[in-house]
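Each chain, letter by letter, is given below.
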Amino acid sequence: MSNMKKVLLGILILILAVAGYVWYKFSTAGGGDHGPKQQPMTLKKHSDTFNLSVATAMNAYFDMSAAFVDADTARVKANAVKFIQLLDSIHMDELKKDTANIYAVAMGTFESIKSNAQSILTMTDIQEMRKDFSMVSENLYPFFKIINYEGEKMYWQNCPMAFGDEKEANWVSKTKEVMNPYLGKNHPEHKATMLHCGTVKDTIKAQ
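Note that the coordinates shown come from a computational prediction; the quantities given were computed from them, not determined experimentally.

Each value, and the rule that gives it
- Residues numbered from 1 in each chain as written.
- Predicted model: local features only at pLDDT ≥ 70, side-chain atom pairs only at ≥ 80, totals over all residues.
- Heavy atoms only, no water.
- Helix = DSSP H or I, 4+ residues; strand = E, 2+ residues; numbered from the N terminus.
- Expected span 1.5 Å × (residues − 1).
- Pairing = 2+ DSSP bridges.
- Axes fitted to C-alpha atoms, helices over the stretch in contact; angles between N-to-C directions.
- Contact = heavy atoms within 4.5 Å.
- Core = buried A, V, L, I, M, F, W, Y, C linked by side-chain atoms within 4.5 Å.
- Buried < 20%, exposed > 50% of the residue type's maximum accessible area, 1.4 Å probe, protein only.
- Salt bridge = Lys/Arg side-chain N within 4 Å of Asp/Glu carboxyl O.
- pLDDT = per-residue confidence, 0-100.

K.L.:
Tell me about helix α2 (residues 48-69), and please be specific about residues and values.
P.N.:
The end-to-end C-alpha distance of α2 is 31 Å, a good match for the 32 Å that 22 residues give at a rise of 1.5 Å each. Just downstream of α2, A71 is the residue with a positive phi angle, here 55°.

In structure tokens:
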């Protein structure tokens, strides 16, 4: 092989090597057809105002739960109204400083909490009101995880027979002691015997 052919072959090999390296770096960086890599959802520290507004809304929720324990429908509705008003005072826009996904997911869950609380106000039968309360609770639980809850410790509790022998329901409590909002003190069948029926399934706490 002539020296000229050897030089040309060497240049060709070098070009191919450089092109291969550039392609490798570009593809692993997430360019080309693969697009940019998906950024993980991240949360920044909440403001004191945000945390206080969540805690204040939850106090109305706890008052509503206590009213269910007493089977006091007028008090349930009064606290449901307060809860809805206080939900509106939560500065959800603060979550926009985090990734867009967190804000969108949090708002979807937030609206479900609110709509189920509003449904309580339209009901006259306490059992139907309790069903709406259970849906409020079911949406609150993931909401705390989505927003990276930073408040006082709370407890996720379960009643295995809230709406019959095999129909369970959950709720959020500020204490470990079970005060069952679904069976309460004045149940038509069980009276007060099931007031403490239930278990703690999880602890909701700041990470």
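K.L.:
Go over the sheet that holds strand β3 (residues 199-204) with me, naming the residues and quoting the values.
P.N.:
Taken together, three strands build an open sheet; the order of strands is β2-β1-β3 and the sheet is antiparallel. Edge strands, defined here as strands with exactly one partner in the open sheet, are β2 (169-173) and β3. Across the sheet, the mean angle separating the axes of adjacent strands is 25° when strand polarity is ignored. Where strand β1 (residues 154-159) meets β2, five bridges bridge the pair, whose relative direction is antiparallel. Bridging across to β2, Y155 finds its partner in S173. Docked against the sheet, α2 engages β1 and β2, running at close to 125° with respect to β2. Contacting β1, β2 and β3, helix α5 (residues 126-146) runs over the sheet at an angle of about 60° to β2.

K.L.:
Lay out the nonpolar core with the relevant residues and their values.
P.N.:
Counting 50 residues, the largest nonpolar core has Y61, M64, F83, F144 and V172 as the members making the most contacts within it. Those elements giving two or more residues to this core turn out to be α2, α3 (73-87), α4 (100-120), α5, β1 and β2. At ten residues, α2 tops the list of elements feeding residues into this core. Ignoring sequence-local partners within four residues, the contact set of F144 consists of V54, M58, Y149, M154, V172 and I204.

K.L.:
Tell me about the pattern of salt bridges, and name the residues and values.
P.N.:
For the structure on display, the rule yields eight salt bridges. Between K131 and E128 there is a salt bridge whose closest N-O contact spans 3.5 Å. Residue K131 and its partner E128 are both found in helix α5; the two are separated by three residues, about one turn of the helix. For K131, a relative accessible area of 37% translates into the label partly exposed. Assessed through its relative accessible area of 32%, E128 is described here as partly exposed. Across the salt bridge formed by D202 and K145, the nearest N and O atoms sit 3.7 Å from each other. Of this pair, D202 sits in strand β3 while K145 sits in helix α5, and the two are 57 residues apart along the sequence. Using a relative accessible area of 24% as the deciding quantity, one classes D202 as partly exposed.

K.L.:
Can you lay out the confidence of the model for the protein chain for me, pointing to particular residues and giving the numbers?
P.N.:
Mean pLDDT over the protein chain stands at 84; residues scoring 70 or higher make up 78%. Counted against residues more than four places away or in other chains, residues 1-41, with its pLDDT under 50, gives twelve contacts.

K.L.:
Now, about the pairing of β1: what can you tell me, with residues and values included?
P.N.:
Extensive coverage of β1 is indicated by the burial of six of its six residues. With burial as the criterion, each face of β1 is covered, one bearing M154, W156 and N158 and the other bearing Y155, Q157 and C159. In this structure, β1 lies alongside β3, joined through five bridges in antiparallel fashion. Looking at the pairing, W156 lines up with D202 of β3.

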